[in-house]
Amino acid sequence: MSKSYPSNLTPAQYELLSDLLPDAKPGGRPREVDLWDILNAIFYVLVEGVRWRALPGDFPAWQTVYTYFRNWRKDGTWLSIHDRLYRCIRIEVGRSPSPSEAIVDSQSVKSAAGVHAAIGFDAGKVIKGRKRFITVDTLGLILRVFVTAASTPERAGGKTVRQRVRQRGKAVSRLHTIWVDGGFDGFPFMHWVVTICRWIVQVVLRPEQTKGFVLLKKRWVVERTLGWLMHCRRLVRDYELLPETSETWIYLAMIRIMVRRLA
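Parameters and conventions
- Residues numbered from 1 in each chain as written.
- Predicted model: local features only at pLDDT ≥ 70, side-chain atom pairs only at ≥ 80, totals over all residues.
- Heavy atoms only, no water.
- 1 Å grid on protein atoms, 1.4 Å probe; cavity = no way out; pocket = protein on both sides within 12 Å on 5 of 7 lines; lining within 4 Å.
- Points joined across faces, edges and corners; volume = space filled by probe spheres on them.
- Nonpolar A, V, L, I, M, F, W, Y, C, P; charged D, E, K, R; others polar.
- Helix = DSSP H or I, 4+ residues; strand = E, 2+ residues; numbered from the N terminus.

1. Digging into the layout of surface pockets
Rolled over the atoms, a probe with the dimensions of a water molecule shows which regions are left empty. Reported here for the largest pocket is a volume of approximately 480 Å³. In this structure, the largest pocket is lined by 16 residues; those nearest its centre are Ala24, Lys25, Arg31, Tyr68 and Asn71. Partitioned by chemical class, the residues of the lining of the largest pocket number six nonpolar, four polar and six charged. Its boundaries defined by the atoms lining it, the second largest pocket holds a volume of some 390 Å³. Together, 16 residues line the second largest pocket, and Trp52, Arg234, Tyr239, Glu240 and Leu241 are the ones closest to its centre. No other element matches helix H3 (residues 62-74), which puts five residues into the lining of the second largest pocket. Looking at the lining of the second largest pocket residue by residue, the class counts come to eight nonpolar, two polar and six charged.

Structure, rendered in C-alpha cells:
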C-alpha cells in the first residue's frame, strides 16, 4: 500500500469502485498488482498534475499504471464507471436518473509544449490550445464532454457534445431543455437542436451595463463545475497528446467527486 496522499481513495471509496472495475482477462499471467494502488496512482496524477514518470516510488511502476489508464480509456471502462456513478448520485439525492434540463458551456485552456494534435487559437479568449465543451445537469454533474481545438466555433462544438448526450438514449429520455449562453445563439443552431434532438434551447444573456460578478440563471451551475475541474492540476492546462485522453481526465475528475459523495 502506498503512503497516505490526499488524493488516495478511502477503503469505503475503493470498495464502491471495485465493484465497477472489470475482471482480469482470462489466460496469461495472473494479476499481480493491487487495483487500489493503481487507482490511487491515477488519481495522484490527476490531482497533483505530475508526469507519469514522476509517480512516487511507493506506487506501482508508472508503465503499469499508465497501461491500466490507457486500456480502460480505450475499452470504455472509465465512461461506464462515470455513467453508473452518475445514476447512483441522482438516485441518492432523490432525483430521477434521467435529467430534464441540461446546461452547455465551453472552456478554453492553454496547451502544453509538445502538444500538436487538435490545437487552435481562440481569438475571443486569446488562448492557444484546446476547448472543452461540457454538458451538465442542474446538479452540476457532467453528462458528456467534447475536447477539440480552441478555434472550434461554439455552435459546431455544441452540436457534437449534444449528439454525444443524445446517444445516451434512455438515460436522457426526460431531457427537454438546454440552457446556453450567447455563443450558442442563432436560428440555424436552435433549429438543428429542435429538429435533430427534440430539445428546447434557452439562451441566458448577461444583463447589459452590468459590471463584476453576476449570477446568471442556470448558467452558474456549469461555471461551478468548471471550477471543480480546476482543483485538479492535470486539468489546469492541457498536457495530453490526444484530445480523447483529455476527455478521460475530465470524466475521472467527476468520478472522484461522485465517489467521495457516495462514500
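Past the structure itself, the notes keep going.
2. Quick notes on empty space enclosed by the protein
Enumeration over the complete set of coordinates arrives at one cavity of 30 Å³ or more. What the largest cavity holds in volume is close to 40 Å³. Lining the largest cavity, in full, are Arg132, Arg234, Leu235, Arg237, Asp238, Tyr239, Glu240, Ser246, Trp249 and Ile250. The dominant element in the lining of the largest cavity, judged by the number of residues it contributes, is helix H8 (residues 243-262), at three residues. Looking at side-chain class alone, the lining of the largest cavity contains four nonpolar, one polar and five charged residues.

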